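Given next are the chains, with one letter for each unit.
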Amino acid sequence: MRTEPTGPTIGWDVVRDVSQVLEYHFMVNALLAGGVVAVMAGLVGWMMVLRRETFAGHTLAMMAFPGASGAALLGVPAAWGYFAFCGAGALAIGRFAGAERRSWSERSANTGAVQALALAMGFLFVSLYGGVLGDLESVLFGNLLGVSDTQLLGLTGVAAAAVVALAALARPLLFASVDSDAAAARGLPVQALSISFLALLGLAVAATSQITGVMLVFALLVAPAASAQALTARPLPSLGITVALGLLVVWLGLGISYYSVYPAGFFITVISFAVYLLARLFAMALARRSRERAPAASRPGPRRGVIS
Amino acid sequence: MFSAEFMRNALLAGTFIALACGVSGWFVVLRGQVFAGDALSHVAFPGALAAAAAGIDQRIGLFAATIAAGAAIGALGRGALAGRDGRSASASAAEDTAIGTVFTVILGLGVFFLTLLSTSSAGGAGIQGARTLFGSVFGLGAGEARLAAGVAIAALLLTAAIARPLLFASVFPDVAAARGVRTRLLSIAFAALLGVVAAEATQAVGALLLLGLLAAPAAAAHRVTAAPLAGLALAGALALGAMWGGLTLAYALPWLPPSTAVVLIAVSLYYAALGWR
């Protein structure tokens, strides 16, 4: 990460620091790629968090492992493996979502089984291939600092396609996510919507994680969206906050890692977690204030749960 | 097969680890906490790496990390719900996001320790990482196997001790709370117990594949029967079957890693149960 033995030094002159970071082409590419992933993952992740499908998102992100190792074993481009496994995973998880109403525990158990199967297959592929685990680290954690111009272009194209697809699905999907019974009664294909969203999630994760690593994509899917939804329930402002927080987290993380020996992924995940904790604390403080203003009679107390 | 010592060790540790996973997994599925179990399995990775970086026995780091994370998930998840309605389904759904964010930081710490390890000591990091992620049940020594079996038995006994109130609190949280069951304490205790089981199973099947042993047999049992005792017994039996079958298969086929074989059998059992009903 450091290019000279002494390394760049950080000072109080912000303009000098930023221009020092931007001096290198690989840093510019890393910042751009990180920004693109932050916007796409923020938008898709907002819907994912709203639908409480974090576990599904995590499982789909994990599909990169059998995808990459299976492709290496067969000698085909890694992208084929990513897309095949993410698509199959979305179908396997989506089978249990939507119209045929299953309990939460049953759905999460199914997702867990899909993930276990995928990882077991991935490990099998790795050991058949000859047990090169050096790749595993780059699959999980990516190499944001080695993004080429072509990769950046491809990444931007995929992200734009994902955002356009999400925008096309957005209105019915939002309805189905918030109140699936009412949406089904109004004739919306709830199950088809649910599977298409999972497929979109899987493809977006597959396409971006090849370049930036699974972990970074997952961190950017969950944390900014969860923070934004803790702060406001209105869709548009919360989407805006999500994207802003995602960009902040990525750029700050990359900037700090430039001046340190530790990898960018570490800083990005830690900063996103800190942002989430701050958002939760802020939301709790807001709720407490509004509760204090409200008349005491309407305050829901513990153990006063009336059978509903 | 039984003449090889590594096989006897693997069977001894595997048997009790499978039983502990199956039985506690039944409660995990019942409580809708599969994602929490998944998170715990990933905590094992930075835990073991941190111990390796600090130069102490990796099992200490493993157990410390998973138990602490289990207790934290138990406390944080339920605590966040104090103001919400107490139904377990929505409770689990709200946990979803909290676990997801904790996850990212856990994996981030894993990278951090991996970097620390690879900069402090030349090499060894990859092997350590591979052992933690995928387990090495055939590499257990006699002492390690006996210790693993002992801890698994202790976890089983603890599960049995809290089984009745835990079942009550999982199915009817409100009624249980009204009857004076300390549901919050129970859920923290169970999550910590789950941490012990996760650290145990990490030694056998590895952090990445632990979910297969924890969730798949239990989910299959839940599909087949709703009766608690029969379900618990079936979950334990299926996990045991997957473990024995997987170890035998891996012994017979040298190219097949044991943890993969165990998880593949466990997941096939789950899909068989789906088709059966």
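Criteria and cut-off values
- Counting from 1, residues in each chain are numbered in the order their sequence is written.
- Going through the entries in the order they are written, you letter the chains from A and number the ligands from 1.
- Since the coordinates come from a predicted model, pLDDT governs what is reported: local features require at least 70, and pairs of side-chain atoms require 80 or more to be given and counted, while whole-chain, interface and lining totals use all residues.
- Each side-chain value is derived from all of the structure's non-hydrogen atoms; neither hydrogens nor water enter the calculation.
- Counting from the N terminus, the helices are DSSP H or I runs at least four residues long and the strands are E runs at least two residues long.
- Burial classification: accessible surface area is computed with a 1.4 Å probe over protein chains only, and a residue below 20% of its type maximum counts as buried, one above 50% as exposed, and the rest as partly exposed.
- Note on contacts: a residue pair qualifies if any of its non-hydrogen atoms lie within 4.5 Å across the two residues.
- Note on areas: these come from Shrake-Rupley sampling with a 1.4 Å probe, and a residue is covered only by the protein chains present in the view.
- Ring pairs are drawn from Phe, Tyr and Trp, using the six-membered ring of Trp, whenever the two centres fall within 6.5 Å, and their geometry is named by plane angle: stacked under 30 degrees, edge-to-face over 60, tilted for the rest.
- Every case where a carboxyl oxygen of Asp or Glu lies within 4 Å of a side-chain nitrogen of Lys or Arg is listed as a salt bridge.
- Any N or O atom pair separated by 3.5 Å or less is treated as a polar contact, with the protein-specific requirement of one donor-capable and one acceptor-capable atom, and with residues adjacent in sequence counted only for side-chain atom pairs.
- Residues qualify for a patch when their relative accessible area is over 30% and they have no salt bridge, like charges being joined within 9 Å and the nonpolar side chains of Val, Leu, Ile, Met, Phe, Trp and Tyr within 5 Å.
- Within this scheme, the nonpolar core is defined by two criteria: the residues are buried Ala, Val, Leu, Ile, Met, Phe, Trp, Tyr or Cys, and they are joined through side-chain atoms within 4.5 Å.
- Between N-to-C directions, angles span 0 to 180 degrees; the directions come from axes that are lines fitted to C-alpha atoms, helices contributing only their stretch in contact.
- Roughly parallel means an angle under 35 degrees; roughly antiparallel means over 145; roughly perpendicular covers 65 to 115; every other angle is labelled oblique.
- Left-handed describes a crossing in which the near helix is turned anticlockwise from the far one by less than a right angle; the clockwise case is right-handed.
- Residue polarity is assigned by list, with Asp, Glu, Lys and Arg as charged and Ala, Val, Leu, Ile, Met, Phe, Trp, Tyr, Cys and Pro as nonpolar; anything else, Gly included, falls into the polar class.
- The predictor reports its confidence for every residue as pLDDT, a score running from 0 up to 100.

**Details of the overall build of chain B**
And then number 1: Scanning chain B for helices and strands turns up eleven helices and zero strands.
And then number 2: Going from N to C terminus, chain B has its helices and strands arranged as α-α-α-α-α-α-α-α-α-α-α.
And then number 3: The buried share among the 277 residues of chain B stands at 59%.
And then number 4: Restricting to contacts in chain B with at least 6 residues of sequence separation, those with at least 24 account for 77%.
And then number 5: For chain B, the computed accessible surface area is about 9900 Å², with 70% contributed by carbon and sulfur atoms.

**Here we look at the environment of A:Ala279**
All names here are of chain A.
And then number 1: Secondary-structure assignment places Ala279 in helix H13 (residues 264-293).
And then number 2: When its relative accessible area of 5% is taken as the criterion, Ala279 is described as buried.
And then number 3: As for Ala279 and Pro224, which are separated by 55 residues in sequence, their C-alpha atoms are 9.5 Å apart.
And then number 4: Not counting residues up to four positions away in its chain, the partners in contact with Ala279 are Ser227, Ala230 and Leu231.

**Concerning the packing of aromatic side chains**
And then number 1: Applying the stated criterion across every chain, the model contains ten aromatic pairs over all chains.
And then number 2: Taken together, a centroid distance of 5.7 Å and an interplanar angle of 45 degrees make the contact between A:Tyr24 and A:Phe26 tilted.
And then number 3: Owing to a relative accessible area of 24%, A:Tyr24 belongs among the partly exposed residues under this scheme.
And then number 4: Ring centres of B:Phe6 and B:Tyr251 lie 6.3 Å apart, and the angle between their planes is 40 degrees; on these two criteria the pair is classed as tilted. Of this pair, B:Phe6 sits in helix H1 (residues 5-30) while B:Tyr251 is found in helix H10 (residues 228-252), placing the two residues 245 residues apart along the sequence.

**Points about the interface of chain B and chain A**
And then number 1: At the junction of the two partners, chain B supplies 51 residues and chain A supplies 50 residues.
And then number 2: At the junction of chain B with chain A, the criterion picks out zero salt bridges.
And then number 3: For the interface between chain B and chain A, the tally reads two residue pairs in polar contact (both at pLDDT 80 or more).
And then number 4: Within the residue set of the side of chain B that touches chain A, elements represented by two or more residues are H1, helix H2 (34-54), helix H4 (88-120), helix H5 (125-134), helix H9 (210-224) and helix H11 (258-276) of chain B.

**Side note on the side chain of A:Glu53**
And then number 1: Mapping A:Glu53 onto the fold places it in the loop between helix H2 (25-50) and helix H3 (54-62).
And then number 2: The buried category is assigned to A:Glu53, whose relative accessible area is 8%.
And then number 3: In contact with A:Glu53, not counting residues within four places along its chain, are A:Met48, A:Ser194, A:Phe197, A:Leu198 and B:Asp96.

**Details of a nonpolar patch on the surface**
And then number 1: A grouping of A:Leu73, A:Leu128, A:Tyr129, B:Leu249, B:Leu253 and B:Trp255 is seen on the molecular surface, where their side chains present a nonpolar patch of about 530 Å² in accessible area.
And then number 2: One can find A:Leu128 in helix H6 (residues 104-129).

**Things to note about the nonpolar core**
And then number 1: A:Phe197 and A:Leu221 are the most contacted members of the largest nonpolar core, which has 170 residues in total.
And then number 2: Counting residues per element, this core draws most heavily on H2(A), which supplies 15 residues.
And then number 3: With residues near it in sequence (within four places) discarded, A:Leu221 still touches A:Ala41, A:Val44, A:Gly45, A:Met48, A:Val49, A:Leu201 and A:Val205.
And then number 4: Ranked by size, the runner-up nonpolar core spans seven residues in total, among them A:Phe266, A:Phe267, B:Phe112 and B:Phe113.

**Some thoughts on the packing of helix H4 (residues 64-74) of chain A against H6(A)**
For any two helices packed against each other, one specifies the crossing angle of their axes together with the interaxial distance.
All names here are of chain A.
And then number 1: As a packed pair, H4 and H6 sit with axes 8 Å apart at the nearest point and diverge in direction by 30 degrees. What the angle tells us is that H4 and H6 run roughly parallel. The handedness of the crossing between H4 and H6 is left-handed. Residues Phe65, Pro66, Ser69, Gly70, Ala72 and Leu73 of H4 form the contact with H6, whose participating residues are Ala118, Leu119, Gly122, Phe123, Phe125, Val126, Leu128 and Tyr129.
And then number 2: A per-class count over the contact of H4 with H6 returns eleven nonpolar, three polar and no charged.

**Things to note about the confidence of the model for chain B**
Atom-level detail of predicted coordinates should not be read off regions where pLDDT is low.
All names here are of chain B.
And then number 1: Counting all residues, the mean pLDDT for chain B is 79, and 85% of those residues have values of 70 or more.
And then number 2: Across chain B, the element-wise mean pLDDT spans from 59 in H5 up to 91 in H10.
And then number 3: Every residue in residues 79-90 scores below 50 in pLDDT, and together they form twelve contacts with partners more than four places removed in sequence or on other chains.
And then number 4: On the interface metric, ipTM, the complex scores 0.80, and its pTM is 0.80.

**Quick word on the pattern of salt bridges**
Where charged atoms from two side chains of opposite charge come close, those side chains can pair.
Residue and element names in this part refer to chain A.
And then number 1: Taken as a whole and judged by the stated rule, the model has one salt bridge over all chains.
And then number 2: The salt bridge involving Glu53 is made with Arg51; its shortest N-O contact spans 3.2 Å. You'll find Glu53 and Arg51 in the same group, each marked buried.

**Quick look at the environment of B:Thr101**
And then number 1: Mapped onto the fold, B:Thr101 is located in helix H4.
And then number 2: Since its relative accessible area comes to 0%, B:Thr101 is described here as buried.
And then number 3: Dropping the residues within four chain positions of it, B:Thr101 is found in contact with A:Val222, A:Ala223, A:Ala226, A:Phe273 and A:Tyr276.

**Considering unusual backbone geometry**
And then number 1: Phi angles above zero are rare outside glycine, and A:Arg52 is one such case at about 55 degrees.
And then number 2: Structurally, A:Arg52 is set in the loop between H2 and H3.

**Here's the deal with the packing of H3(A) against helix H11 (residues 214-231) of chain A**
Residue and element names in this part refer to chain A.
And then number 1: H11 packs onto H3 with a crossing angle of 165 degrees between their chain directions and a minimal axis gap of 10 Å. With respect to each other, H3 and H11 are oriented roughly antiparallel. In this structure, the crossing between H3 and H11 has a hand that is right-handed. Counted together, Thr54, Gly57, His58, Ala61 and Met62 of H3 and Val214, Phe218 and Val222 of H11 form the full contact between these two elements.

**Some details on the confidence of the model for chain A**
Residue and element names in this part refer to chain A.
And then number 1: For chain A, per-residue confidence averages 80 on the pLDDT scale, and residues scoring 70 or more make up 85% of the total.
And then number 2: Within chain A, the lowest mean pLDDT, 59, falls on helix H7 (residues 134-141), and the highest, 90, falls on helix H12 (residues 235-258).
And then number 3: This stretch, residues 301-308, has a pLDDT under 50; its non-local contacts, to residues over four places away or in other chains, come to two contacts.

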